[in-house]
Every structure is written in C-alpha cells, then in structure tokens.
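Each chain, letter by letter, is given below.
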Amino acid sequence: MTTPPVSAPSFRAPKGTYDLLPPQSAEHLAVREALAAPVRRAGYGYAETPGFEQVELFARGVGESTDIVTKEMYTLTTKGGDRLALRPEGTASVLRAALEAGLHKAGNLPVKLWYSGSYYRYERPQKGRYRHFAQVGAEAIGAEDPALDAELIILAVDGYRSLGLTGFRLLLNSLGDRECRPAYRAVLQDFLRGLDLDDETRKRIEINPLRVLDDKRDQVRARLGGAPLMRDHLCEACRDYHDEVRELLGAAGVPFEDDPRLVRGLDYYTRTTFEFVHDGLGAQSAIGGGGRYDGLSEMIGGPALPSVGWALGVDRTVLALRAEGVAPKVPPATEVYAVPLGGQARRTLFSLVTELRRAGVAADFAYGGRGLKNAMKSANRSGARFALVAGERDLAEGVVQLKDLHSGEQTAVPLSAAGEEVRARFGSSS
Ligand code: AMP
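Residues numbered from 1 in each chain as written. Predicted model: local features only at pLDDT ≥ 70, side-chain atom pairs only at ≥ 80, totals over all residues. Heavy atoms only, no water.

(A) Geometry of the nonpolar core. Judged by nonpolar contacts, the single largest core of 46 residues is most densely connected at Phe58, Leu95, Leu113, Ile141, Leu188 and Leu192. At the level of secondary structure, the elements contributing two or more residues to this core comprise α2 (55–62), α3 (67–70), α4 (91–101), β5 (111–120), β6 (132–141), α6 (181–193) and α8 (210–213). Excluding residues within four positions of it along the chain, leucine 188 makes contact with Pro209, Leu210, Leu213, Ala227 and Pro228. Counting residues in each nonpolar core, the second largest holds 43 residues, with Val39, Leu148, Tyr160 and Val314 among its members. (Core = buried A, V, L, I, M, F, W, Y, C linked by side-chain atoms within 4.5 Å. Buried < 20%, exposed > 50% of the residue type's maximum accessible area, 1.4 Å probe, protein only. Helix = DSSP H or I, 4+ residues; strand = E, 2+ residues; numbered from the N terminus. Contact = heavy atoms within 4.5 Å.)

Here it is, written out as structure tokens:
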C-alpha cells in the first residue's frame, strides 16, 4: 500500500498586501530614495523606530476617535501582557523616540528627522489602499516658524518633481491653534448638531467635530454646505502665520490650492495642514500629507514642542508615476555579465567580476556551468550592456572577448587591462 502524496500547502501574501520583487521592486526603491533625497540635503537625520509600539501611544497620539485607532490598528497582547500595535503611522513613534533620547534637550532645535518603512492599517483593500504600505516621512521637532512648514512642503514637492511627477496638486489649510480653535469648534458643533446625521457621526460631533468636515460619504457631504469654516475664525497670529507659509511657497514656485475643508484623519494637527493629491489615482488620491502638530508632544507626556512633519506614500507615488506613464530612473541591475567557457576561464572571470564589483561596476556571472548559448541568453536577459566571454584559447592568448550586447560588436581585450577597459567604456557610454 502506498500513502498518497501530501500536497504542499500553497501560501499567498495576506489579504491587502503584495510582495515587491524584481523588476518592479527597483521602482519602489527608486521612489523611496528620490523622496528622501531632498530632506537628507536639508539637515534631516535618519531615524528608525520599531515596527510596533504600545497601543496607548497611538491612542493618545493619533486620537481615540480616529478610524486609524478605532478600526484600523493591528493590536496584540504579548505573553508578558504588553498591549502592542503594529505602527499605523510614523509621527507618534518618531516623536516618542526623540523624547526618549532627549534629542530636544541638546539645545539645537528643531530636531530634524526623516524615516522610511512599513506601516500597517486594517483597511478595506482596494487599488492604492493596502494593509501594509510604505511611507517616507520627515519631522521637524521643537520650532514654530512658518519657514519650517514651508521648507517641508517645498522638499516634498522637490521629491515628487525629481521623479518626473507633474500631475499632483497641493491642498493647504490652517486648523488654527489653542487660541482660536476652541471657539470655532463650538460654532461648528452648534451647526452640526442641527443636521440630520447618523448616530456614529453624531457621536463624532461631540468628540471631534472637525473630522465630520473630512467625511468622504456623499450623504454627509451634501449636508455640510453652509458649515462654518476655520479660515473665517482664525486668530490674528494664526492668520499671519498661515499668510507667511503661503507667501514662502509662492516665492519658491510651489503652487497650492486653499482647501478650507481639509482636516485629515489624525487628531493632532494644528495650524498648517496639507495634502498632496494626484488626479490619476481614482478614490485613493492622496499621495502624501502632513502638517503642524504643536500639541502632540504634551499629549504623549513630553514638554511643549511645536513641530511639523509629513508622510509621503511610496506605493501611491509609484501608482501615480505609472498613471502618468513616467518610469523612475532605475540604475541597471547588471552592467557587465561574465560568461566563462571551461574551468580555467571560470576562475579567471570570477576574479575579474570581483574586481569590477569592487570598482563599482554592477557585474554578474553565469553560474551553474551552462553552455555558451544559455549563458548568453542570461546575459541578454540581465539587461547588461557588455558580456565578458573567455575560453581556454582566449586565456592562452591572454585576452577576454568584450561583447557590446547592444551593437553585437566584439573585441579582444588584454586580460590585464579588461577591468580598466570596461570601466572606461562605462565612463563614455553613460
Ligand atoms: P496618512 O498618515 O494617512 O496621512 O498617510 C500618508 C500617506 O500614506 C497617504 O497620503 C498615502 O499616500 C499613504 N497611505 C496611507 N494609508 C495607506 C494605505 N492603506 N495604503 C497605501 N498608502 C497609504
């Protein structure tokens, strides 16, 4: 009797997630690098925090009434009894880390940090909305200066533009501060209480009425026509601050649209609030966003540290580039592909490949002892510009064949000069 073969389980990436694999993964990497490059040139230092934090940090930092905290957090209780959440966003973690390390006490404010990584939200998956996604973020902690708000917005725009992205718009608003927002909040609550709204929204009116303005449902939006707007209730300091941000953006050639209803889904914003939207993406059009969060530090147990920051979505920026038909510049994975014929050639070309890599040339090698035809196929598939081919006879003559895979032209190059020759050709061909 034979036992039936046990079929191997077939696993798939969890719902709402996808894998990044070559060649598309190179696009994501290029987008991350391009979005981070401007902040790195502007004095922002790299920060990396754990993928999970205490639930309470997000509950307090992001807001108890937000969708992110009430519906979208992945939470778990450890064997030791700690309640943790996979991070749904970066700001609260980065601020927690800066406070814990006392970076704000070094006397050099603002503390400027950038970061990049994975974030997790239990959302209903659709195109552009995933349960695992990537962001590049930047935070400037501990200074209140409209130039800092403008700086961050300009740096985000520079990042998008450096990728060749053009079809995005910047929406800008001010949410006021602790001087003027409470009075506005009361006026807004009065207005909203008079509307015919569902129970959940009515609850929200009492906890965070500003977020009702941010409701995306048509039946709610239709009722908000005459809602009072923050911009008509800003105190003088907030108005002056906002005017200066707008002026600095104008001077930097950064167009924006005033959007008096822009609130965003997180509770901690004050004054400057902004979002980048791309019209080629359908419903999930936000490719990045951020703002000033002057009260967050105190909410999570720190001193008063007025701060501003943003997070740009890597996945959606990739989708936006595709929608525009723009391919980010991706460095070639392989520039030179070595094809040895025979044991001696294997050792010689392997050394040559090592030498080229050490000199900064992206080089690969035909492993597995395949025949010339198969190896040349791999060379072509690798995207390499040149193949280095050598057999016993070439080695006896002290040469390798350098084949230009674009033109097909092949030349014998002295072995001792092969590394230099390849490097010189890249100098002239790139
Ligand atoms: P937020 O923290 O919600 O302001 O998100 C900042 C940016 O991250 C957004 O503008 C999106 O580009 C991106 N983002 C947020 N949530 C998701 C998601 N579920 N899937 C993909 N990208 C997201």
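We are not done yet, so read on.
(B) Structural context of the pairing of strand β14 (residues 386–390). Counting buried residues along β14, five of its five residues qualify, which places the element largely inside the surrounding structure. Residues Phe386, Leu388 and Ala390 line one face of β14 and the alternating positions Ala387 and Val389 line the opposite face, and both faces are buried. Direction of pairing for strand β12 (residues 336–340) relative to β14: parallel, over a ladder of five bridges. Each bridged residue has a counterpart across the sheet, and for valine 336 the counterpart in β14 is phenylalanine 386. (Pairing = 2+ DSSP bridges.)

(C) Expanded view of the site of the ligand. Taken together, the neighbourhood of the ligand is formed by 14 residues, with Arg121, Glu123, Tyr130, Arg264 and Ala286 sitting nearest. One of the side-chain N or O atoms of glutamate 123 is found 2.5 Å from a nitrogen atom in the ligand. Note that an oxygen atom of the ligand is positioned 2.9 Å from one of the backbone N or O atoms of alanine 286. If the ligand stood free it would expose 480 Å²; the protein chains cover 92% of that surface. Broken down by element, the shell around the ligand gets its largest block of residues, three residues, from strand β10 (residues 286–292). (Near = heavy atom within 4 Å. Polar contact = N/O pair within 3.5 Å; in protein donor to acceptor, adjacent residues only side chain to side chain. Areas by Shrake-Rupley, 256 points an atom, 1.4 Å probe, with all protein chains shown as cover.)

(D) Quick peek at helix α1 (residues 24–40). With 17 residues, α1 ought to run about 24 Å at 1.5 Å a step, and its terminal C-alpha atoms sit 25 Å apart, in line with that. Those residues of α1 not exposed but buried are Glu27, His28, Ala30, Val31, Ala34, Leu35, Ala36, Pro38 and Val39. On its buried face, α1 sits against β5, β6, α5 (146–162), β11 (307–313) and α12 (314–324). (Expected span 1.5 Å × (residues − 1).)

(E) Summary view of the domain arrangement of the protein. The domain boundaries assigned to the protein delineate domain 1 (24–180 + 234–324) and domain 2 (336–429). A separation of 47 Å is found between the C-alpha centroids of domain 1 and domain 2. (Domains from an automatic or database assignment.)

(F) Highlighting the UniProt feature "binding site: L-histidine" (unreviewed entry) in the protein. Following the UniProt record, the feature "binding site: L-histidine" (unreviewed entry) maps to Glu89, Gly90, Thr91, Arg121, Gln135, Glu139, Arg264, Tyr268 and Tyr269 here. By the element assignment, threonine 91 lies in helix α4. When neighbours within four sequence positions are excluded, threonine 91 is seen to be in contact with Tyr115, Glu139, Tyr268, Tyr293 and Leu296. Relative to the helices and strands, tyrosine 269 resides in the loop between β8 (257–258) and β9 (270–278). Residue tyrosine 269 is classed as buried on the basis of its relative accessible area of 4%. (UniProt positions renumbered as here; feature names shortened; annotations may be inferred.)

(G) Quick look at the sheet that holds strand β1 (residues 45–46). Strands sit in the order β1-β5-β6-β11-β10-β9-β7-β8 across an open sheet of eight strands; the sheet is mixed. Of all the strands in the sheet, just β1 and β8 have a single pairing partner and so form its edges. Examined bridge by bridge, strand β7 (residues 168–174) and β9 share seven bridges and lie antiparallel to one another. Looking across to β9, one finds that leucine 171 is bridged to glutamate 275. Relative to β7, helix α10 (residues 236–251) is tilted by about 160°, and along the sheet it contacts β7, β8, β9 and β10. (Axes fitted to C-alpha atoms, helices over the stretch in contact; angles between N-to-C directions.)

(H) Structural detail: α5. Across its 17 residues, α5 extends 24 Å between first and last C-alpha, which sits within 8% of the 24 Å expected from 1.5 Å per residue. Within the sequence span of α5, burial applies to Pro146, Leu148, Asp149, Ala150, Leu152, Ile153, Leu155, Ala156, Val157, Gly159 and Tyr160. For α5, the N-terminal cap is aspartate 145; the gap from its side-chain oxygen to the backbone nitrogen of alanine 147 is 2.8 Å.

(I) Spotlight on the packing of α5 against α10. Between α5 and α10, the shortest axis-to-axis distance is 9 Å and the interhelical angle comes to 40°. By the criterion of interaxial angle, the relationship of α5 to α10 is oblique. Remark: the crossing between α5 and α10 carries right-handed chirality. Contact with α5, carried on its side by Pro146, Ala147, Asp149, Ala150, Ile153 and Ile154, involves Tyr241, Glu244, Val245, Leu248 and Leu249 of α10 and no other residues of that element. (Parallel < 35°, antiparallel > 145°, perpendicular 65-115°, else oblique. Left-handed = near helix turned anticlockwise from the far one by under 90°.)

(J) Looking closely at unusual backbone geometry. Proline 23 follows proline 22 through a cis peptide bond whose omega is 5°. Within the secondary structure layout, proline 23 lies in the segment before α1. Residue proline 110 follows leucine 109 across a cis peptide bond; omega there is 0°. One non-glycine residue with positive phi stands out, namely arginine 271, at about 50°. The residue arginine 271 is located in strand β9 in this model.

(K) Structural context of the packing of aromatic side chains. Within the structure shown, the criterion is met by 10 aromatic pairs. Judged by centre distance (6.4 Å) and plane angle (40°), the ring pair of tyrosine 119 and phenylalanine 133 falls under tilted. Separated by 14 residues along the polypeptide, tyrosine 119 in strand β5 and phenylalanine 133 in strand β6 bring together distant segments of the chain. In this structure, tyrosine 119 and phenylalanine 133 share a single accessibility class: buried. By way of ring pairs, the aromatic residues Tyr160, Phe168, Phe274 and Phe276 are connected into one cluster. Over the ring of tyrosine 119 we find arginine 87, and its NZ or CZ is 4.5 Å from the ring centre. In this arrangement the basic side chain of arginine 131 is found over the ring face of tyrosine 122, its NZ or CZ atom lying 4.1 Å from the centre. (Phe/Tyr/Trp six-rings, centres within 6.5 Å; stacked < 30°, edge-to-face > 60°. Lys NZ or Arg CZ within 6 Å of the ring centre and 35° of its normal.)

(L) The arrangement of the sheet that holds strand β2 (residues 52–54) in detail. Sheet architecture is open: three strands sit in the order β2-β4-β3, paired in antiparallel fashion. Both edges of this open sheet fall to β2 and β3 (75–77), since each of them pairs with a single strand only. Sheet twist, expressed as the mean angle between neighbouring strand axes with direction ignored, is 35°. In terms of strand pairing, β2 meets strand β4 (residues 83–86) through three bridges, oriented antiparallel. Directly across from glutamine 54, in β4, lies its bridge partner leucine 84. Packed on one face of the sheet, α2 meets β2, β3 and β4 and runs near 80° to β2.

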